Amino acid sequence: MSVLKSLAASFSAIALLATPALVAAQLEARNVILIIGDGMDDQQITIARNYLAGARGRLSLDQMPLRGVSQVLTVSEHGTPVYVADSANSATALATGQVTSRGRIATSAGEDKPITSIIEIAEAAGLKTGLVSTASVTDATPAAFVAHINARFCENPEAMKDVTFSGIRVGDCSHHLKAAGGLGSISEQIAVSGVDVVLGGGLTHFEVPAENSSDTVIQVAEANGFHVVTTAGDMASAPKDKKLLGLFSPNTLPVRWQGENGRTAEKPEPSWANHITQYIGSVKMPDPMVCEPNPDYAGTPSLKQMTDVALDRLSNDRGFFLMIESASIDKQSHERKPCGSIGELAQLNEAVDSALAYAKLFPNTLIIVTADHGQAAQLIPEESLFAAFGVPVFTRGRLARIKTPEGAIMGVNYATNDFIMEEHTGVNVPLFSNAVGVGLVPNMLVQPQIFEITRDYLGL
Ligand SMILES: [Zn+2]
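Being a predicted model, the structure only gives us computed values, none of them experimental.

## Quick word on the packing of helix α12 (residues 303-314) against helix α14 (residues 338-361)
1) Next: Running from amino to carboxyl end, α12 crosses α14 at an angle of 25 degrees, the nearest separation of the two axes being 8 Å. Accordingly, the angle class assigned to the pair α12 and α14 is roughly parallel. The element α12 and its partner α14 pack so that their crossing is right-handed. For the pair α12 and α14, contact is made by Leu303, Lys304, Thr307, Asp308 and Leu311 and by Gln347, Leu348, Glu350, Ala351, Ser354, Ala355 and Tyr358, respectively.
2) Next: Within the contact of α12 with α14, the residues separate by chemical class into 6 nonpolar, 3 polar and 3 charged.

## Section: the side chain of Ser315
1) Next: With respect to the helices and strands, the residue Ser315 is situated in the loop between α12 and β13 (320-326).
2) Next: Judged by relative accessible area, Ser315 falls into the buried class, the value being 5%.
3) Next: At 2.8 Å, the side chain of Ser315 and the side chain of Gln26 are in polar contact.
4) Next: Of note is the side chain of Ser315, whose polar atom sits 2.6 Å from the side chain of Tyr358.

## Structural notes on the coordination of the zinc ion
1) Next: Protein coordination at the zinc ion comes from Asp330 (OD), Asp330 (OD), His334 (NE2) and His424 (NE2), with a distance range of 2.0 to 2.3 Å.
2) Next: One can describe the site at the zinc ion as irregular: its 4 donor atoms subtend angles covering 57 to 148 degrees at the metal.
3) Next: Between the donor residues of the zinc ion, the gaps in sequence give the motif D-x3-H-x89-H. Of the two residues, His334 is situated in helix α13 (residues 328-334) and His424 in the loop between β17 (409-414) and β18 (429-433); the sequence distance between them amounts to 90 residues. For the pair His334 and His424, a shared accessibility class is recorded, and that class is buried.

Definitions and cut-offs
Residues numbered from 1 in each chain as written. Predicted model: local features only at pLDDT ≥ 70, side-chain atom pairs only at ≥ 80, totals over all residues. Heavy atoms only, no water. Axes fitted to C-alpha atoms, helices over the stretch in contact; angles between N-to-C directions. Helix = DSSP H or I, 4+ residues; strand = E, 2+ residues; numbered from the N terminus. Parallel < 35°, antiparallel > 145°, perpendicular 65-115°, else oblique. Left-handed = near helix turned anticlockwise from the far one by under 90°. Contact = heavy atoms within 4.5 Å. Nonpolar A, V, L, I, M, F, W, Y, C, P; charged D, E, K, R; others polar. Buried < 20%, exposed > 50% of the residue type's maximum accessible area, 1.4 Å probe, protein only. Polar contact = N/O pair within 3.5 Å; in protein donor to acceptor, adjacent residues only side chain to side chain. Donors = N, O, S within 2.8 Å, 3.2 Å for Na, K, Ca; no water. Tetrahedral: all angles 85-135°; square planar, octahedral: opposite > 155°, others 65-115°.

This is how it looks when you write it as structure tokens:
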């Protein structure tokens, strides 16, 4: 009885179920929690670990029994390999088991055909499903689990033609308009989906009118059985008899941390003499900085809070699939903001704690933690070794020198390009699993195998 009491205390859904037979069924049910750190390669994990736990410390992630690597696969529209992924094609691989081209949301390269996702398969079999993200819920990673469209930026009805990103035209989804026989934009596809819990940012994409309708996309979602909330308080008290759509900011959720006074990585400044030849002159390196709380984060639900609400609502006697994304490890790295990425990785680690606590109560819960692709940040010497020889060697990229709580300085470098934002890298990414995954998840796999392992574990 004490087990049942502790279960009931932890998960109110169980208290409502009440009968021992149903609780027993819930304990037997198989669940999969897939946690994706967007851009969370081993550079990002090491940088975050150094700051959060110290050079000899361990994150919860590090204590998971299975640790391996996942090869990221991407193809061109013609099927030849592309060695660096984006979140759309890599999330498609995780969600559907199919390798596709960059920018695509669960559609095939070349043919542009929808590919069925694990969420659609799970729903059809009567399992509950959920998507939690610190990005807009219409962003590439969550979108690939629920929507099908040729271009990731077609997030709402108004973005379907002449898609622009930072003022540059990046595509056209007009052949996926409902009027053209398509499924419509990503927010419209979420609004008519059967996903039980959808939590994250992206209110902007739901406040606009649906295609050829006087109703907003929010109204379409409500008509399709979603209870829509925009605050953490309303999320916690939302009725349990409806699907839940939580949209807690206009777009990506504010991140927890920022650099001192909002600083990013900065360019070292060589003296005039060094411009003549790199062997002479001097260089002024960026001043060291600490990480500090981001004031814009106040009031934002944490990834852990959203995860706990999702687990509570999804827990049932048939099983569930839940995808949780910590999105801004990637987004902050694009902007050369190491403190933002570290705070976001702390959030992922807390979500891992929640998932592990759930799996302790419900032992048939497979937890897989991985990344979708590599990112730009590199942990480099905060002062070049060549400085000892009086040679002013410095990175041609941007460098942050971060004062860690251990009293040391950590150099984080960004140098994929010299444009407005950094790019991804093509490294294989980390893979972790709880005890359920040992013997089930190989130490080295290709990304689409994560879909197959999930499908097979859920018996689908
Ligand atoms: Zn990215």
